[in-house]
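Observations on the model geometry
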Amino acid sequence: MKVRLATVWLGGCSGCHMSFLDLDEFLLELVDQVELVYSPVVDVKEYPENVDVCLIEGAVCNTDNLEILHRIRRHTKVLVAFGDCAVTANVPAIRNQLGLGNAESVLQHAYIEHAQNNPRVPRADGIVPPLLPRVLPVHQVVPVEYFLPGCPPPAGQIKTVVTQLLAGAAPQLAGAELKFG
Amino acid sequence: MAAKTLTIDDKHLSAEEGATLLQAAKEAGITLPTLCHLEGIYDVGACRLCLVEVKGLTKLVPACTTRVAEGMEVLTNSERLRKYRRMTLELLFAERNHICAVCVANGHCELQTLAYSLGMDHVRYEYRTPRWGVDHTHRLFGMDHNRCVLCSRCVRACWHVEGAGTKNVSGRGARAHIITDLNQPWGEADSCTACGKCVQACPTGALFHKGATVGEMVRDRHRLEFLVTARQKKEWITD
Ligand code: SF4
Ligand code: SF4
Ligand code: SF4
Ligand code: FES
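Each chain has its residues counted from 1, following the order in which its sequence is written. Chain letters and ligand numbers both follow the written order, the letters beginning at A and the numbers at 1. The predicted nature of this model means local features are confined to residues of pLDDT at least 70 and side-chain atom pairs, given and counted, to a pLDDT of 80 or more, with totals for whole chains, interfaces and linings taken over all residues. Side-chain numbers here rest on the full set of heavy atoms in the structure, without hydrogens or water.

**A word on empty space enclosed by the protein**
The following threshold applies: Cavity: a set of points on a 1 Å grid over the protein atoms alone where a 1.4 Å probe fits but cannot get out. Pocket: an open set with protein on both sides within 12 Å along at least five of seven lines, its lining residues, like those of a cavity, having an atom within 4 Å of a point. Grid points are joined across faces, edges and corners, and a volume is the space filled by probe spheres set on the points. Only Asp, Glu, Lys and Arg are considered charged in this grouping, and only Ala, Val, Leu, Ile, Met, Phe, Trp, Tyr, Cys and Pro are considered nonpolar; every other residue, Gly among them, is considered polar.
Applying the stated criterion across every chain yields a total of seven cavities of 30 Å³ or more. Taken as a whole, the largest cavity encloses approximately 110 Å³ of empty space. In terms of residue class, the lining of the largest cavity is made up of five nonpolar, six polar and one charged.

The following block contains the structure:
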């Protein structure tokens, strides 16, 4: 039976997914072994049930991220924090340094102070998710099985981890395989 | 000088009296993780990464500031030590703001290298994300307090290699930080000779040459060692 694989993009820049696409011809081998059940690169709207492995890119920044992350945890056997934003919260978490009220002040800064035309903070209930008071790495919200840091993680390391997972082994990066930034 | 015999990880060896456990281990080919230690400058035991177990002592001791003694039995890689090292390292990452992706030292940082060698793939503690600034007032150098691990290598280089005494540690606990002169902006610190030794000494992205961008802050660590050897032994050796 094929492994049911998902990849998800929370508060990140999509760079980790770009690096995933850098797997080039290995992607063709992967297609034989996995069924991609949910990902920014496939058109599935709802995170499915019974997922074997999910690579999670991005930090937990807003209520949407939070909600889907809990759903992912409920329906997935193995979670991999994929890239620095997922592992450390990285650049998205810089706003945490501003302390309480940081979400509102970054919105003011970006959409009002720096606006050239039509200064207005976008707000639309049910469409634009509110920012969380603090940006969090994935493992501080739900338990995570494995960590694949890097900004982005190089394709070679993604391959190492995915290959080990498909072989049923527990991937563990160390030394030259490990990289932040 | 009298020699002392001891064992480190079951290796029997002799070391000169007055040598530190770190020196003895190094000579025996045993590497210990270090961060506040810098060849050529005296040790202070600030980072606690080089902790070792000594038989008969309940406390762990830093190898860089503990002298060899006759009959000492030292362990450098026990389960207990690995546990504490990993903890110490994670706390260092959680204490200030380490965002490697946008750091001048990315790829050339001793803190990063330690994380890789100890297999630290994530930090279990909550990040403190304190708000620290960047001092960009000096004409040649910058100081980013967000990346500082308070190893005091810069302070020791400034006082004991350059002899300027510009840099100091001020405050305690979480408020401890590096200052220049009487807590003035670096650019206004008259005692600074702009020698750049502190920048060479710094293991992280906290001190940098102005204009360096992400990953550009590569250092020449041997320069300080060269200066110290030249001064103390009157030997001008470069490799
Ligand atoms: S100082 Fe080192 S560990 Fe800290 S952000 Fe810079 S590269 Fe990363
Ligand atoms: S540049 Fe030289 S004198 Fe100035 S603070 Fe650094 S070590 Fe001290
Ligand atoms: S500025 Fe650099 S050398 Fe000085 S204490 Fe901080 S990390 Fe250490
Ligand atoms: S190297 Fe020994 S305590 Fe830092």
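**A closer look at the side chain of Asn96 of chain A**
Put simply, the rule reads: Per the convention used, a helix needs a DSSP run of H or I reaching at least four residues, while a strand needs a run of E reaching at least two, with both numbered from the N terminus. We call two residues in contact whenever any of their non-hydrogen atoms come within 4.5 Å of each other.
Its location among the elements puts Asn96 of chain A in the loop between helix H4 (84–88) and helix H5 (102–113). In this structure, Asn96 of chain A is in contact with Asn102, Arg134 and Val135 of chain A together with Thr129 of chain B, ignoring residues within four places of it in sequence.

**A word on the site of ligand 3**
For clarity, the cut-off: Summary of the distance rule: residues count as near a molecule or strand when at least one heavy atom falls within 4 Å of that molecule or strand.
Every one of the 14 residues lining ligand 3 counts as a neighbour, but Cys148, Cys151, Ser152, Cys154 and Cys202 of chain B are closest to it. A per-class count over the shell around ligand 3 returns eleven nonpolar, two polar and one charged.

**Quick look at the packing of aromatic side chains**
Heads up, the rule is: For Phe, Tyr and Trp, rings pair up if their centres lie within 6.5 Å, where Trp contributes its six-membered ring, and each pair is then called stacked (planes under 30 degrees apart), edge-to-face (over 60) or tilted (otherwise). Any residue under 20% of the maximum accessible area for its type is buried, any over 50% is exposed, and the rest in between are partly exposed; the area is computed with a 1.4 Å probe on protein chains only.
The tally for this structure, following the rule as stated, stands at four aromatic pairs over all chains. On the basis of an interplanar angle of 35° and a centroid distance of 5.7 Å, the ring pair of Phe141 of chain B and Trp186 of chain B is categorised as tilted. Taken together, the positions of Phe141 of chain B in strand S7 (residues 141–144) and Trp186 of chain B in the loop between strand S9 (177–180) and helix H5 (197–201) put the pair 45 residues apart, joining distant regions of the chain. Both residues of the pair, Phe141 of chain B and Trp186 of chain B, count as buried. A connected cluster of aromatic rings, assembled from ring pairs, spans Phe180 of chain A together with Phe93 and Tyr116 of chain B.

**What to know about the sheet that holds strand S6 (residues 134–135) of chain B**
All names here are of chain B. How we decide: At least two bridges found by DSSP between two strands are what make those strands a pair.
The antiparallel open sheet is built from three strands, whose spatial order is S6-S7-S10. The sheet terminates laterally at S6 and strand S10 (207–209), the two strands that pair on one side only. With three bridges joining them, S7 and S10 adopt antiparallel strand pairing. Each bridged residue has a counterpart across the sheet, and for Met143 the counterpart in S10 is Leu207.

**A word on the layout of surface pockets**
Heads up, the rule is: Delimitation of the domains relies on an automatic or database domain assignment.
Its volume calculated, the largest pocket comes out at about 1200 Å³. In terms of lining, the largest pocket is formed by 35 residues, of which the most central are Lys26, His37, Leu38, Glu39 and Gly40 of chain B. Counting residues per element, the ones that place at least two in the lining of the largest pocket are helix H1 (21–27), helix H3 (110–117), helix H4 (153–162) and helix H6 (222–233) of chain B. It is H6 of chain B that contributes the most residues to the lining of the largest pocket, seven residues altogether. Among the residues making up the lining of the largest pocket, the classes are represented as eleven nonpolar, 14 polar and ten charged. Each of domain 1 (3–77) and domain 2 (84–232) of chain B contributes no fewer than three residues to the lining of the largest pocket. If you add up the space inside the second largest pocket, you get close to 360 Å³. Every residue lining the second largest pocket is counted, 17 residues in all, and those nearest its centre are Pro122, Val128, Pro129, Pro130 and Leu131 of chain A.

**Remarks on the interface of chain B and chain A**
The accessible area lost on association of the parts is a frequent measure of interface size. Rules: Summed over both partners, the accessible area (1.4 Å probe) lost when two parts come together is defined as the buried area. For salt bridges, the criterion is a side-chain nitrogen of Lys or Arg within 4 Å of an Asp or Glu carboxyl oxygen.
Of the residues lining the interface, 22 residues belong to chain B; the matching set on chain A comes to 23 residues. Where chain B abuts chain A, roughly 1800 Å² becomes buried across the two surfaces, and 58% of that area is made up of carbon and sulfur atoms. When residues of chain B are sorted by the area they lose upon contact with chain A, Tyr116, Asp121 and Tyr127 of chain B head the list and together hold 34% of the total. On inspection of chain B and its partner chain A, the count reaches zero salt bridges.

**Focus: the site of ligand 2**
The immediate surroundings of ligand 2 are formed by 13 residues, with Cys158, Cys192, Cys195, Gly196 and Cys198 of chain B found nearest. A per-class count over the shell around ligand 2 returns eight nonpolar, three polar and two charged.

**What to know about the domain arrangement of chain B**
All names here are of chain B. Condition: Distance and chemistry together define a polar contact, namely a pair of N or O atoms within 3.5 Å, with one atom able to donate a hydrogen and the other to accept it when in protein, and with adjacent residues in sequence counting only for side-chain atoms on both sides.
What the domain assignment lists for chain B is domain 1 (3–77) and domain 2 (84–232). A separation of 25 Å is found between the C-alpha centroids of domain 1 and domain 2. In this assembly, domain 1 packs against domain 2 so that about 1700 Å² is buried in total across both faces, 68% of it on carbon and sulfur atoms. On the domain 1 side of the contact with domain 2, Leu35, Leu38 and Leu49 bury the most area, a combined 36% of that side's loss. Our count for the domain 1 to domain 2 interface comes out at zero salt bridges. For the pair domain 1 and domain 2, the number of links is seven residue pairs in polar contact (both at pLDDT 80 or more). For the side of domain 1 that touches domain 2, the per-class residue count stands at 13 nonpolar, five polar and three charged.

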